[in-house]
Amino acid sequence: MRITLNVWRQKNTNAAGAMKRYEVPNVSPDMSFLEMLDVLNEDLLEKKDADGPVTFEHDCREGICGSCGFMINGVAHGGHERTTVCQLHMRHFKDGDDVVLEPWRANAFPVLRDLMVDRAAFDRIIASGGYVSVSTGSAPDGNAIAIRKLDSDLAMDNAQCIGCGACVAACPNASASLFTSAKIAHLGHLPQGQPERLERAKKMVDQMNNELFGSCTNIGECEAVCPKGIRLESIAMMNRDYARASFMERPSTGEVGFG
Amino acid sequence: MAAVATNSTLHRTLEFWQASIGKKTVMAVTGGILVGFTLVHMAGNLQIYLGADVLNHYGQLLKSNVAVLWGARLFLLASVCLHLTAAFQLWSLKAKARPVAYQKLAPTKSSYASRTMYVSGPILLFFIIYHLSHLTTGQTHPQFDEGDVYRNVVLGFRQPVAFAAYLIAMGCLGFHLIHGVWSAFQSLGINHPKYTPKIRNLATGLTALIVGGNLSIPVAVMLRLIGNDVQ
Ligand code: SF4
Ligand code: FES
């Protein structure tokens, strides 16, 4: 089949970008979306196209690394339930389809080139509090700490977040609430996450705001496009933890001279 | 790489709004107060079906204690101001968070109501101002008669333009409530698979009740089901 692509081309973060049209003839329905772009890129290289091949991020191509992702016809990852772009196949398209490809758009995600954005803001959110502190040295016994099945399930559900950024991209407010809440809920459901739980919520939410992400208005577009099925319920947990952290924060006893 | 230099005005503005979750909490609480008021206001107004005497007596009763009346008015005004300020400031984050708009953005499962809160809200603000000048202070009412609530309502709603304004406003209120009510719970951190479907139903039920109850009055006036005693 024949696909017409309208692709956002931008040389670097500071350059002005524009939409360019490309024809991709002979697309096989068995190709993945990225394979179709590979074919386009080979063609562009062969033709020595002035803009060069279309840059897009990818790594695992099996839906687990979170590298890939852009807007396909205005929907993050293309709109197939729990599917990243690399797992999207051309059989979902028809011969003659006109497809619009745009990078994630957010102040916090500057475009590096074409369809590739810089998601380092996510890394900084993680670094601010998305960890648990453990003692090193003697290894603890496996299963020494009992975890309720439900909590372990909820932690695992949230741990699935691959940091792809689709939630930010799909959000009309460009909010990173779903991503940040997935991390907070992941660690907050585990016993190992309890000591730093409130501190973590405070630090990560503050970092999220510092990164110039927008504010959540509970619209739910993030949940709809998330390839890993993270739910708004996690955002509610983040709101609770953040409120508790904000109200219960006080100087440590050492600082005020107790004990 | 940060997109914005540390310490730029933009950065500092956002620092100031670090507590965006805090703003949302304020919106949820004040929104709850306003929904409560709207419900009571509607219940009071429905007394129009009991006739002019009952409604006018109720009107007098509300105005009888100046301290209570102004206490309530100021409380509501404060709620509106807080709700508005928080909304405005959160809204202004939106443009900063996505300076370059999508050429194509297709909503998937989100409701129209949820995506247009920043539209239905301002319309409701203008409506409240109009509504107060129409039936409380009377500047926009053609035949205002201080004290005769019943007559004011009936004559007010017989005007097609006013009738249309109330119709549109109630549509906006419906949209605002159906998302706002459940959204308030979510902002306060209440979301649970057991209760969220019930909260969604509550939002729908409250919306239907408030919009239906309020709209029934202008419709009944227009259909001459009430107010035939007013010339
Ligand atoms: S929450 Fe979902 S959409 Fe957002 S970054 Fe994680 S996996 Fe991607
Ligand atoms: S390339 Fe790894 S998730 Fe798509």
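Details of the structure are given in the entry above.
In this text the structure is predicted, and so the values were computed from the model without any measurement.

**Student:** What is the right way to read the interface of chain B and chain A from this model?
**Tutor:** Every contact between the two is made by 45 residues of chain B and, on the other side, 48 residues of chain A. Around 3,900 Å² of area is buried between chain B and chain A when both sides are counted, 53% of it from carbon and sulfur atoms. Across the contact surface, chain B and chain A share 1 salt bridge. A salt bridge links E223(A) to K109(B); its shortest N-O distance comes to 2.4 Å. Counting every contact that joins chain B to chain A gives 25 residue pairs in polar contact (both at pLDDT 80 or more). When contributions to the side of chain B that touches chain A are tallied by element, the ones reaching two or more residues are α1 (9-16), α2 (20-45), α4 (66-97), α5 (112-115) and α8 (160-187) of chain B. Of the residues that constitute the side of chain B that touches chain A, the class distribution is 24 nonpolar, 13 polar and 8 charged.

**Student:** It is not clear to me how the site of ligand 1 should be interpreted in this structure. Could you clarify?
**Tutor:** Residue and element names in this part refer to chain A. Neighbouring residues of ligand 1: 14 residues in total, closest C161, C164, G165, C167 and C226. If you list the elements that add at least two residues to the shell around ligand 1, you get α4 (166-170) and α5 (177-188). Looking at the shell around ligand 1 residue by residue, the classes come out as 11 nonpolar, 2 polar and 1 charged.

**Student:** Before we go on, may I ask you to explain the pairing of strand β5 (residues 98-102) of chain A in this structure?
**Tutor:** Looking along a regular strand, one sees side chains alternate from face to face of the sheet. Residue and element names in this part refer to chain A. Counted residue by residue, β5 has 4 buried out of 5 residues, so it is predominantly covered. In this structure, strand β3 (residues 71-72) lies alongside β5, joined through 2 bridges in antiparallel fashion. Counted as the bridge partner of I72 is L101 from β5.

**Student:** Explain the pattern of salt bridges to me, please; I cannot follow it from the model alone.
**Tutor:** Pairs can form between side chains of opposite charge whenever their charged atoms are close. All names here are of chain A. Enumeration over the complete set of coordinates arrives at 20 salt bridges over all chains. Across the salt bridge formed by D97 and K94, the nearest N and O atoms sit 3.7 Å from each other. For K94, a relative accessible area of 58% gives the class exposed. Among the ionic pairs, D151 bridges to R148, the shortest N-O distance being 3.1 Å. Each of K11, K20 and D51 takes part in a single network of salt bridges with overlapping partners.

Criteria and cut-off values
- Residues numbered from 1 in each chain as written.
- Chains lettered and ligands numbered in written order.
- Predicted model: local features only at pLDDT ≥ 70, side-chain atom pairs only at ≥ 80, totals over all residues.
- Heavy atoms only, no water.
- Contact = heavy atoms within 4.5 Å.
- Buried area = accessible area lost by both parts, 1.4 Å probe.
- Salt bridge = Lys/Arg side-chain N within 4 Å of Asp/Glu carboxyl O.
- Polar contact = N/O pair within 3.5 Å; in protein donor to acceptor, adjacent residues only side chain to side chain.
- Helix = DSSP H or I, 4+ residues; strand = E, 2+ residues; numbered from the N terminus.
- Nonpolar A, V, L, I, M, F, W, Y, C, P; charged D, E, K, R; others polar.
- Near = heavy atom within 4 Å.
- Buried < 20%, exposed > 50% of the residue type's maximum accessible area, 1.4 Å probe, protein only.
- Pairing = 2+ DSSP bridges.

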